[in-house]
Amino acid sequence: MADELADRPLVQKIGQRLTELIDALYPDQLKRPGYGRLATEIREATGGTISGTYLWELATGKKRNLTLGQLDILAEFFGVPPEYFFNDEVAESVSAQLELATALRDAKIRRLVMRADGLSAGALDSILTMVNEARKLQALTPRDKPEAID
């Protein structure tokens, strides 16, 4: 029965989404704390108690009985709504925000964004076209759907 639960989609989503949050908060794997240190950071930030082992079990899908209290503590620490862990629409929205926040950590991207502020719609469209062409030249995948560009 335990192995059957590990294959359940919701259990897998919780682990995957927790891992995505950890990756977004600590993008440099060399500087990423272990689960024990992360548990300490969560405790210090929220006052809630989660062990490093518990976090590891959640992230790997071995823990199947996430309580609402633990869910609330994780959501508070990572700054996401609790629904992020099990609602696909909420997770998609939060993931887009995390992707943007991660990109904005790069000083050159921030400068590019700040310098584009105030440009006309036509000028912004031209810049987006240039960026898309540069991504193609470097064999990078598109970052958004064409219809998403306003």
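Residues numbered from 1 in each chain as written. Predicted model: local features only at pLDDT ≥ 70, side-chain atom pairs only at ≥ 80, totals over all residues. Heavy atoms only, no water.

Peer 1: Got a sec to walk through the overall build of the chain? Specific residues and values, please.
Peer 2: Looking only at helices and strands, the chain has eight helices and zero strands in total. Listed by position from the N terminus, the elements making up the chain come as α-α-α-α-α-α-α-α. Counted over contacts in the chain with a minimum sequence separation of 6, partners at least 24 positions apart contribute 48%. For the chain, the accessible area works out to roughly 10,300 Å², and carbon and sulfur atoms hold 56% of it. (Helix = DSSP H or I, 4+ residues; strand = E, 2+ residues; numbered from the N terminus. Contact = heavy atoms within 4.5 Å. Areas by Shrake-Rupley, 256 points an atom, 1.4 Å probe, with all protein chains shown as cover.)

Peer 1: Could you give an account of helix H7 (residues 107-116), naming the residues involved and the relevant values?
Peer 2: Between the side-chain oxygen of the N-cap and the backbone nitrogen of Lys108 there are 2.8 Å, and the N-cap of H7 in question is Asp106. Just downstream of H7 lies Gly118, where phi reads positive at about 95°. (Polar contact = N/O pair within 3.5 Å; in protein donor to acceptor, adjacent residues only side chain to side chain.)

Peer 1: I'd like a description of the nonpolar core, backed by residues and values.
Peer 2: Counting 24 residues, the largest nonpolar core has Leu18, Ile42, Leu55, Leu74, Phe78, Val80 and Phe85 as the members making the most contacts within it. Elements that contribute at least two residues to this core include exactly helix H2 (9-25), helix H3 (35-46), helix H4 (52-60), helix H5 (68-78) and helix H6 (88-103). For this core, the leading source of residues is H5, giving six residues. (Core = buried A, V, L, I, M, F, W, Y, C linked by side-chain atoms within 4.5 Å. Buried < 20%, exposed > 50% of the residue type's maximum accessible area, 1.4 Å probe, protein only.)

Peer 1: Account for a nonpolar patch on the surface, naming residues and giving values.
Peer 2: A cluster of nonpolar side chains, Ile109, Val113 and Met114, forms an exposed patch at the surface whose accessible area comes to about 280 Å². If you trace the backbone, Met114 turns up in helix H7. (Patch = residues over 30% accessible without salt bridge, like charges linked within 9 Å, V, L, I, M, F, W, Y side chains within 5 Å. Salt bridge = Lys/Arg side-chain N within 4 Å of Asp/Glu carboxyl O.)

Peer 1: So what's going on with the packing of aromatic side chains? Residues and values would help.
Peer 2: Any pair of aromatic rings gets described here by the distance separating the centres and the angle formed by the planes. Applying the stated criterion across every chain yields a total of two aromatic pairs. Judged by centre distance (5.4 Å) and plane angle (80°), the rings of Tyr84 and Phe85 are edge-to-face. The same class applies to Tyr84 and to Phe85, which are both buried. (Phe/Tyr/Trp six-rings, centres within 6.5 Å; stacked < 30°, edge-to-face > 60°.)

Peer 1: How would you summarise the pattern of salt bridges if you had to cite specific residues and measurements?
Peer 2: A full pass over the atoms with the stated rule returns six salt bridges. Across the pair Asp88 and Lys13 runs a salt bridge, and its minimum N-O distance is 2.9 Å. Of the two residues, Asp88 is situated in helix H6 and Lys13 in helix H2; the sequence distance between them amounts to 75 residues. Among the ionic pairs, Asp88 bridges to Arg17, the shortest N-O distance being 2.7 Å. With Asp88 in helix H6 and Arg17 in helix H2, this pair connects stretches of sequence that are 71 residues apart.

Peer 1: Help me get a handle on the packing of H3 against H4, residues and values and all.
Peer 2: Here H3 crosses H4 at 110°, and the two axes come no closer than 7 Å. Comparing the axis directions of H3 and H4 gives the class roughly perpendicular. Here Tyr35, Gly36, Leu38, Ala39 and Ile42 of H3 come into contact with H4, specifically with Gly52, Leu55, Trp56 and Ala59. In the contact of H3 with H4, the residues fall into seven nonpolar, two polar and no charged. (Axes fitted to C-alpha atoms, helices over the stretch in contact; angles between N-to-C directions. Parallel < 35°, antiparallel > 145°, perpendicular 65-115°, else oblique. Nonpolar A, V, L, I, M, F, W, Y, C, P; charged D, E, K, R; others polar.)

Peer 1: I'd like to hear about H6, residue by residue, with values.
Peer 2: Along its 16 residues, H6 runs 22 Å from first to last C-alpha, staying within 8% of the 22 Å computed at 1.5 Å per residue. N-cap assignment for H6: the residue whose side-chain oxygen lies 2.9 Å from the backbone N of Glu89 is Asn87. (Expected span 1.5 Å × (residues − 1).)

Peer 1: Break down a positive patch on the surface for me, with residues and values.
Peer 2: A surface patch of like charges, here positive, comprises Lys108, Arg110, Arg111 and Arg115. Topologically, Arg111 is positioned in helix H7. Given a relative accessible area of 41%, Arg111 falls into the partly exposed group. (Lys, Arg positive; Asp, Glu negative; His and termini not counted. Charge placed at Lys NZ, Arg CZ, Asp CG, Glu CD.)

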